[in-house]
Amino acid sequence: MRTPTGPGDRDPGTGRPADGEAAAVVAARRFSPVALLRACRPRQWLKNALVFAAPAAAGVLVTPRGLLDTLIAFAAFCLAAGGTYLLNDAADVEADRRHPRKRHRPVAAGLVPVRLARTAGVLLVVLAPALAALSGDWRLPAVVAGYLALTFSYTYWLKHQVVVDLVAVAGCHVIRAFAGAVAVDVPVTSWFLVVVSLGSLQLVAGKREVELRASGGGSTRAILAAYTPGYLAGVRAMSSGAMIVTYCLWALNDHPGPFYGISIVPFVLIVLRHNLLVDRGVGEEPEELALRDRHLQVFIALLLSSLLIGIYLT
């Protein structure tokens, strides 16, 4: 019996179009701008909120210019992220169709044609640094361009390099946080960079650990076969411990008032809660945790409240 291989072939058992043709048929019938927006993964744009961290810590978000420049940085990273997600999904469309969860993504499901995903992706990544240039400082579009270069390197090469792939994804988070400082022209302290770097590594290790356990050894991503749950749990534990120590030293170092010290409690609770959720098999999409887990939401609110009071009211 002949196996369908071409765009005109049909499955011999069902008479339906083969996978590639079926995706094209679905795309032709069901494509909509909403599907294209979903392919840009707007929920994951929550990560871009990291650009607010440095401006908030510096106390400049209350100024009109500081707020405007931060919003420009946030919007630029949303465009950049959306474009890279489209290009990544277009590049990984066949592998995603074999993945139990990723096969529902609009490009893999055939709701967005691959060619359209590539075209829209290129347009967004071109617009991102152009929008960043509205800040009036050449450094912000340069940082956005650096983020794009790292994400492209990850999509086409680094994600296949063991250990390096963890650092590359974590580096994307660090660049977001650094961009916020560049947008409002405030210095970035070593404390800030270390905490953000370690926190990013914890999230990435947790994401890989959950994905590896959920795959049961049958993941479509070959890189996962190079890791073990024990190794990734060790990376997560190392990052968590070092981050807590670093944050405590920062919070207790020459800060007036008690609120910086108080912020240590919700900070530690956030770290512990995330580790617990990963051990339970939750955390493949970290941004979903912040949107759904009530405990994390309360702890994050307490952390932000204590820091904002410490920064703006003391």
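Before reading further, recall that the structure is shown in the block above.
Notes on the structure in this doc start here. (Residues numbered from 1 in each chain as written. Predicted model: local features only at pLDDT ≥ 70, side-chain atom pairs only at ≥ 80, totals over all residues. Heavy atoms only, no water.)

### Describing the overall build of the chain
Using the following cut-off: Strands here are runs of E lasting at least two residues and helices are runs of H or I lasting at least four, both read from the DSSP assignment and numbered beginning at the N terminus. For every residue, the accessible area (1.4 Å probe, protein chains only) is compared with the maximum for its type, and the residue is labelled buried under 20%, exposed over 50%, or partly exposed between those bounds. Here the open area of atoms and residues is found with the Shrake-Rupley method and a 1.4 Å probe, where only the protein chains shown may cover a residue.
Tallying secondary structure elements over the chain gives 14 helices and zero strands in all. Walking the chain from its N terminus toward its C terminus, one meets helices and strands in the order α-α-α-α-α-α-α-α-α-α-α-α-α-α. In the chain, buried positions account for 46% of the 314 residues. Surface exposure of the chain reaches about 15,400 Å², of which carbon and sulfur atoms provide 68%.

### Details of the packing of aromatic side chains
Just so we agree on the cut-off: Aromatic pairing here means that ring centres of Phe, Tyr or Trp (its six-membered ring) are within 6.5 Å. Orientation follows from the plane angle: under 30 degrees is stacked, over 60 is edge-to-face, and everything else is tilted.
Under the definition given, this model contains six aromatic pairs. Ring geometry for tyrosine 247 against phenylalanine 267: centres 4.0 Å apart, planes inclined by 5 degrees, an arrangement best described as stacked. Remark: phenylalanine 267 occurs in helix 12 (residues 264-279) and tyrosine 247 occurs in helix 10 (residues 229-251); sequence separation between them is 20 residues. Classification of phenylalanine 267 as buried rests on a relative accessible area of 10%. Through a chain of ring-to-ring contacts, three or more aromatic side chains come together here, namely Tyr247, Trp250, Tyr260 and Phe267.

### Side note on the packing of helix 12 against helix 14 (residues 294-312)
Filter applied, for reference: Here, axes are lines fitted to C-alpha atoms. For helices the fit covers the stretch in contact, and angles between N-to-C directions go from 0 to 180 degrees. In these notes the angle categories are as follows: under 35 degrees is roughly parallel, over 145 is roughly antiparallel, 65 to 115 is roughly perpendicular, and the rest is oblique. In this scheme the handedness of a crossing depends on how the near helix is turned from the far one: anticlockwise by less than a right angle means left-handed, clockwise means right-handed. Here a residue-residue contact requires only that any non-hydrogen atoms of the pair lie within 4.5 Å.
With their axes 8 Å apart at the nearest point, helix 12 and helix 14 run at an angle of 160 degrees to one another. Here helix 12 is positioned roughly antiparallel relative to helix 14, judged by the angle of their axes. As helix 12 runs across helix 14, the sense of the crossing is left-handed. Seen from helix 12, the contacting residues are Pro266, Phe267, Leu269, Ile270, Arg273 and Leu277; seen from helix 14, they are His295, Leu296, Phe299, Ile300, Leu302, Leu303 and Ser306.

### Side note on the pattern of salt bridges
Selection rule: We count a salt bridge whenever a side-chain nitrogen from Lys or Arg sits within 4 Å of a carboxyl oxygen from Asp or Glu.
Under the criterion given, the structure shown has 15 salt bridges. Close ionic contact of aspartate 185 with arginine 139 constitutes a salt bridge, the shortest N to O distance being 3.0 Å. With aspartate 185 in the loop between helix 8 (164-184) and helix 9 (190-215) and arginine 139 in helix 7 (residues 139-156), this residue pair connects regions lying 46 residues apart in the sequence. Accessibility expressed as a relative area gives 30% for arginine 139, which makes it partly exposed. Of the charged contacts in the structure, one is a salt bridge between arginine 208 and aspartate 165, with a shortest N-O distance of 3.3 Å. Of this pair, arginine 208 sits in helix 9 while aspartate 165 sits in helix 8, and the two are 43 residues apart along the sequence. The exposure class assigned to arginine 208 is buried, which follows from its relative accessible area of 1%.

### Some thoughts on the side chain of threonine 155
With respect to the secondary-structure elements, threonine 155 resides in helix 7. Setting aside chain neighbours within four positions, we find threonine 155 in contact with Asn88 and Ala91.

### Re a nonpolar patch on the surface
Note the threshold: Each patch is built from residues that are more than 30% exposed by relative accessible area and take part in no salt bridge. Like charges join if they lie within 9 Å; nonpolar side chains (Val, Leu, Ile, Met, Phe, Trp, Tyr) join within 5 Å.
Residues Val162, Val163, Val167 and Tyr231 make up a contiguous nonpolar surface patch of about 320 Å² in total accessible area. Inspection of the secondary structure puts valine 163 in the loop between helix 7 and helix 8.

### What to know about the environment of leucine 308
Within the element layout of this structure, leucine 308 appears in helix 14. The partly exposed category is assigned to leucine 308, whose relative accessible area is 41%. The spacing of leucine 308 and phenylalanine 259 is 49 residues in sequence and 8.8 Å in space, taken between C-alpha atoms.

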